[in-house]
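Letter by letter, the chains look like this.
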Amino acid sequence: MNRDDTLAAALLDVRKAYRLLYGFHRRVFDMARTIDGCLDGFTFNGSDSGYSFLGDKWKPQKKRICYWDVLPFYSTYFLWIKCNDLANLEKKSKHVNACDCLFGIEMVVDDLADSAEEYDPESFGQPESAKTSVRCFFGRSLVERDHVSIKDAWEVDVEETEVVTRSDDGSFVLWREDIDMVTLATKADVISSIRAFIAKAESALKSA
């Protein structure tokens, strides 16, 4: 195979990959809409996949998205918040009430990408040995305080799953759990899994 043939083959692989990613991204946003519809008392508060139009403008109610415009991304998150005072959802409002809470999901498309390190492509394992996860977070405030937001709970570092972790200043606790996306084949699977996670997290953090 000469260089022209090698490049043609690589470009064909790229075109195939983009078509697969298009469908995957559409499924991710459809899943976010499904989750939004099953949450009780939570308000959608943003998303981010490295594109400003998503983080600033996208809402679960927004049906029309040009999925080609979001290609490619390997990680994104969606965030919901439950507050005693809805005004505190605004970024400029820096006050948190005791027991304000957040729920968020982060897509971890490949275990390989779940690291702050940049991998050498020569070290990539087989894709069949990796998995795609929906990483779920549930955090709540322990105290009422000014100058912080419930969003700050998102920054608590949870290195292991199923561990109650406190922020450094003791303001927040957070619970994290990964769900293999292959188990979320239907909307019913998504709803039951998310509700089960929230119930488990609330129970785990109740006595924190």
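This report concerns the structure included in the present document.

What counts, and at which threshold
Residues numbered from 1 in each chain as written. Predicted model: local features only at pLDDT ≥ 70, side-chain atom pairs only at ≥ 80, totals over all residues. Heavy atoms only, no water. Helix = DSSP H or I, 4+ residues; strand = E, 2+ residues; numbered from the N terminus. Buried < 20%, exposed > 50% of the residue type's maximum accessible area, 1.4 Å probe, protein only. Areas by Shrake-Rupley, 256 points an atom, 1.4 Å probe, with all protein chains shown as cover. Core = buried A, V, L, I, M, F, W, Y, C linked by side-chain atoms within 4.5 Å. Contact = heavy atoms within 4.5 Å. Pairing = 2+ DSSP bridges. Phe/Tyr/Trp six-rings, centres within 6.5 Å; stacked < 30°, edge-to-face > 60°. Polar contact = N/O pair within 3.5 Å; in protein donor to acceptor, adjacent residues only side chain to side chain.

1. Thoughts on the overall build of the protein chain
- Across its full length, the protein chain carries three helices and eight strands.
- Starting at the N terminus, the α and β elements of the protein chain follow one another as α-β-α-β-β-β-β-β-β-β-α.
- Split into buried and exposed, the 208 residues of the protein chain put 38% on the buried side.
- Total accessible area on the protein chain stands at roughly 12300 Å², and carbon and sulfur atoms take up 49% of it.

2. Points about the environment of D157
- Take D157: it is sitting in the loop between β6 (145-146) and β7 (165-166).
- Note: C-alpha distance between D157 and R176 (19 residues apart in sequence) is 9.8 Å.

3. Topic: the nonpolar core
- Counting residues in each nonpolar core, the largest one holds 31 residues, and the members touching the most others are F103 and I105.
- Residue assignment for this core shows that the elements contributing at least two residues are α1 (3-38), β2 (75-82), β4 (101-108), β5 (133-141), β8 (172-180) and α3 (187-206).
- Those residues in contact with F103 that lie beyond four places of it in its chain are I35, L39, F42, F78, L79, W80, C136, F137, F138, I194, F197 and I198.

4. Comments concerning the pairing of β4
- Where burial is concerned, most of β4 is hidden: seven out of the eight residues are buried.
- Relative to β5, β4 runs antiparallel, the two sharing eight bridges. Bridge pairing in β5 places F103 opposite F138.

5. Notes on the packing of aromatic side chains
- Per the stated rule, a full pass over the model turns up seven aromatic pairs.
- On the numbers, 5.4 Å between centres and 90° between planes, the contact of F29 with F78 is edge-to-face. One end of the pair, F29, is in helix α1; the other, F78, is in strand β2, with 49 residues separating them in the sequence.
- Residue classification places F78 among the buried positions, given a relative accessible area of 0%.
- In textbook terms, an aromatic cluster arises when at least three aromatic residues are bridged by ring pairs, as seen for F44, W80, F103 and F197.

6. Concerning the side chain of R135
- Turning to its location among the elements, R135 is positioned in strand β5.
- For R135, a relative accessible area of 7% corresponds to the buried category.
- At 2.8 Å, the side chain of R135 forms a polar contact with the side chain of D178.

7. A short note on the side chain of H95
- The residue H95 is located in strand β3 (residues 95-96) in this model.
- A distance of 2.6 Å separates polar atoms of two side chains, one belonging to H95 and the other to D146.

8. Some words on unusual backbone geometry
- Of note in this structure, C99 is not a glycine but carries a positive phi near 75°.
- Inspection of the secondary structure assignment puts C99 in the loop between β3 and β4.
- Even without glycine at this site, H147 takes up a positive phi of about 70°.
- Since its relative accessible area comes to 71%, H147 is described here as exposed.

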